[in-house]
Amino acid sequence: ATTAPRIPSTRLALHHFDTSYSLHLGALWPSVRAGLLCEQKYGALLNNFAAADQVPQELELLNATDFISEALQKVQQWQRGAAAGEAARGCQEGSAEGRTVMQAEMMTQAVTSPLRCTSVSSKIKCYTFPRGDITRFRPARPDALGLLDYYLMDAASLLPVLALNVQPDDFVLDLCAAPGGKTLALLQTGFCGHLAANDISISRTKRLYQILQSYVPREVRDTVSVTSYDGRDWDQVKGGTFHKVLVDVPCTTDRHSAMEEDNNIFHKRRTKERQMLPMLQLQLLMAGILAAKPGAEVVYSTCSLSPLQNECVVERALEIAEAQFNISIHVEDLSHFRMLFQDTFSFFSDCRLGELVLPHLTANFGPMYFCKLRRM
């Protein structure tokens, strides 16, 4: 008897996405789908540890810009505009109602947002090409000491790190750290008092070691402890000890699943594993919450569009933290990220909790979901 031809995992993934994401994203889905199926866009995360002073100038000549410092400059313009508007309003007469509306707009745009926006680390520098520009970056080059000058990654992957807002001498946990891009970004802040980088996969942890060797000098590597625990058990190892925790969980990696047969979670043999993902994600997020000190901050992130892996996991974690551990969690508002980085990324405006970067043909980063929690 002939066996039926095996359906490619990528086709199974796309069928699944068409069924669920067309409902979730509605009219946006065809455009997001096109983005998922086209070449991904990258950013160049500058390595502050390398002697590569000429790199920013080289990238700027190619028309790339540091999207983070650009956004922070925009904040300063808003602040100056708000101050000018305030002065002008003092000199003008007008209807009380008109002044109130204008005042409300000014206050929202120029006071609330910039105050929150200034918490974004300007130490992290990542160059991207403008919307619609599909230029590729050259491969990274070593400096005189052998440290590579930049790390190529999906620029949207930096948003969870920026949201974490590491402060000087913070003890930081990266619970699912491999392959290491976000770990490297955390170190670029220069603020980690100690960084615990953990990943259950020993083979992926080797890749993490390679990245640290290639980008980070020994004296900084000595502040990082790399481990291969099951992240779900982390609270039994070191509970309640960290100021900042990043929980970047395994997920359906939607872009990879739509494009690559290799290691695809939609392979028939991995159906059970895929169905169990939200449970695994919930367990990891709970371990991250329990690893955080009271008052500490936790950022949960995925590279999936799925609300079952995103908002639903966060909502369930809030319930369990309260009911089983008597821990109150506050969900932080990250809407200023949408305004701050709208020139670089395409954001979904209807997330119940957190923020979601959507792939888009002119800004083909993501998907990247991130949500910030504070343990009270």
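Only a predicted model underlies this, so the values are computations on that prediction, with no experimental measurement involved. (Residues numbered from 1 in each chain as written. Predicted model: local features only at pLDDT ≥ 70, side-chain atom pairs only at ≥ 80, totals over all residues. Heavy atoms only, no water.)

Some points on the pattern of salt bridges
Test applied: The rule for a salt bridge is simple: a side-chain nitrogen of Lys or Arg has to be within 4 Å of a carboxyl oxygen of Asp or Glu. Where helices and strands are cited, they refer to DSSP runs of H or I of at least four residues and of E of at least two residues respectively, numbered from the N terminus. Exposure categories follow from relative accessible area, calculated using a 1.4 Å probe and restricted to protein chains: below 20% of the type maximum is buried, above 50% is exposed, and the middle band is partly exposed.
Throughout the structure, instances matching the rule amount to 18 salt bridges. The closest approach of N and O atoms between Glu261 and Arg6, which form a salt bridge, is 3.6 Å. Residue Glu261 is found in the loop between helix H11 (254-259) and helix H12 (271-275), and its partner Arg6 is found in the segment before helix H1 (9-25); the two are separated by 255 residues along the sequence. Under the relative-accessibility criterion, Glu261 is labelled partly exposed at 32%. Measuring nitrogen to oxygen at the nearest pair gives 2.9 Å for the salt bridge that ties Asp230 to Arg232. With a relative accessible area of 35%, Arg232 lands in the partly exposed category. Three or more residues are tied together by salt bridges with common partners; here these are Asp170, Lys244, Glu297, Glu332, Lys372 and Arg374.

Digging into the UniProt feature "binding site: S-adenosyl-L-methionine" (unreviewed entry) in the chain
Stated precisely, the cut-off is as follows: UniProt positions are given in the numbering used here, feature names are shortened, and annotations may be inferred rather than shown by experiment. Only protein atoms enter the 1 Å grid used here. Points where a 1.4 Å probe fits but cannot escape make up a cavity, open sets with protein on both sides within 12 Å along at least five of seven lines make up a pocket, and a residue lines them when an atom lies within 4 Å of a point. Only heavy atoms matter for contacts: two residues are in contact if any of them lie within 4.5 Å across the pair.
Cross-referencing UniProt, the feature "binding site: S-adenosyl-L-methionine" (unreviewed entry) maps to Cys176, Ala177, Ala178, Pro179, Gly180, Gly181, Lys182, Asp199, Asp230 and Asp248 in the present numbering. Those annotated residues that line the largest pocket are Cys176, Ala177, Ala178, Pro179, Gly180, Gly181, Lys182, Asp199, Asp230 and Asp248. Checked against the element boundaries, Cys176 lands in the loop between strand S5 (170-174) and helix H7 (181-188). Filtering out sequence-adjacent residues up to four positions away, Cys176 remains in contact with Asn198, Asp199, Asp248, Val249, Pro250 and Leu284. In this structure Ala177 touches Thr183, Ala197, Asn198, Asp199 and Leu208, once residues within four positions along its chain are discounted.

A short note on H1
The test is simple: A helix's residues, less one, multiplied by 1.5 Å, set its expected span. Axes are fitted to the seven residues ending at a residue and to the seven starting at it; the angle between these axes is taken as the bend at that residue.
The end-to-end C-alpha distance of H1 is 22 Å, a good match for the 24 Å that 17 residues give at a rise of 1.5 Å each. Approximately 30° is the largest bend angle found in H1, and it occurs at Asp18. All buried positions along H1 are accounted for by Ser9, Thr10, Ala13, Leu14, Phe17, Tyr21 and Leu25. Against helix H2 (29-36), H11 and strand S12 (355-358) lie the buried residues of H1. At the C-terminal side of H1, Gly26 shows a positive phi close to 60°.

A short note on the layout of surface pockets
Gaps left between atoms are located by rolling a probe of water-molecule size over the structure's atoms. Threshold: Grid points are joined across faces, edges and corners, and a volume is the space filled by probe spheres set on the points. We call Asp, Glu, Lys and Arg charged. Ala, Val, Leu, Ile, Met, Phe, Trp, Tyr, Cys and Pro are nonpolar, and the rest, Gly among them, are polar.
Its volume calculated, the largest pocket comes out at about 1600 Å³. Taken together, 50 residues line the largest pocket, and the ones lying closest to its centre are Ala178, Pro179, Arg204, Thr253 and Cys303. If you list the elements that add at least two residues to the lining of the largest pocket, you get strand S4 (150-153), H7, strand S8 (242-248), H11 and helix H13 (277-291). Considering each element in turn, the lining of the largest pocket owes the most residues, four residues, to H11. Classifying every residue of the lining of the largest pocket gives 24 nonpolar, twelve polar and 14 charged.

Here's the deal with the pairing of strand S13 (residues 368-375)
Note on strand geometry: in a regular strand, side chains alternate between the two faces of the sheet. The line we're drawing: Each pair of strands is called paired provided DSSP finds at least two bridges between the two strands.
For S13, a buried count of seven out of eight residues is recorded, marking the element as mostly surrounded by other parts of the structure. One ladder, built from six bridges, connects strand S9 (residues 292-302) with S13; its direction is antiparallel. Residue pairing across strands places Glu297 opposite Arg374, the latter belonging to S13. Relative to S13, strand S10 (residues 329-331) is paired through three bridges, and the arrangement is antiparallel. Note that in S13 the partner of Val331 across the bridge is Leu373. Looking at chain direction, S12 and S13 are connected through three bridges and run antiparallel. Within the sheet, the bridge partner assigned to Val357 lies in S13 and is Met368.

Observations regarding helix H14 (residues 311-325)
With 15 residues, H14 should cover 21 Å at 1.5 Å per step; its first-to-last C-alpha distance of 20 Å lies within 8% of that length. Among the residues of H14, those classed as buried are Glu311, Val313, Val314, Ala317, Ile320 and Ala321. Check the buried side of H14 and you find it contacts H13, S9, S10 and S13. A positive backbone phi angle near 55° is found at Asn326, which sits one or two residues after H14.

Observations concerning the pairing of S8
Most of S8 is tucked away: six of the seven residues are buried. In this structure, S5 lies alongside S8, joined through three bridges in parallel fashion. Directly across from Leu173, in S8, lies its bridge partner Val245. Taken together, the six bridges between S8 and S9 define a ladder with parallel strand orientation. Each residue of the ladder has a partner; that of Asp248, found in S9, is Ser301.

Quick look at the confidence of the model for the chain
To keep things clear, this is the line we draw: Each residue gets a pLDDT score, which is the predictor's confidence in that residue and runs from 0 to 100.
The predicted model of the chain averages 91 in pLDDT, with 90% of residues at 70 or higher. The model gives residues 93-107 a pLDDT under 50, and that stretch makes eleven contacts with residues more than four places away or in other chains.

What to know about the sheet that holds strand S3 (residues 126-128)
Quick note on the threshold: To define axes, lines are fitted to C-alpha atoms, for helices over the stretch in contact only, and angles between the resulting N-to-C directions are given on a 0 to 180 degree scale.
Pairing is antiparallel in the open sheet, where four strands are placed in the order S2-S3-S1-S4. Of all strands in the sheet, those bounded by a partner on one side alone are strand S2 (65-66) and S4. Two strands pair when backbone bridges link them, and strand S1 (residues 43-46) and S3 are joined in this way by two bridges, in the antiparallel orientation. Bridging across to S3, Leu45 finds its partner in Cys126. In this fold H7 packs onto S1 and S4, with an angle of close to 45° to the strand it touches most, S1.

Focus on unusual backbone geometry
Note the cis peptide between Ala178 and Pro179, where omega equals 5°. Topologically, Pro179 is positioned in the loop between S5 and H7. Cis rather than trans, the peptide bond between Gly366 and Pro367 has omega equal to 5°. Locating Pro367 in the fold gives a position in the loop between S12 and S13. In the Ramachandran plot, Asn63 falls in the positive-phi region, its phi being about 80° despite a non-glycine side chain. By the element assignment, Asn63 lies in the loop between helix H3 (55-61) and S2. A relative accessible area of 47% means that Asn63 is categorised as partly exposed. Despite not being glycine, Asn326 shows a phi value in the positive range, around 55°.

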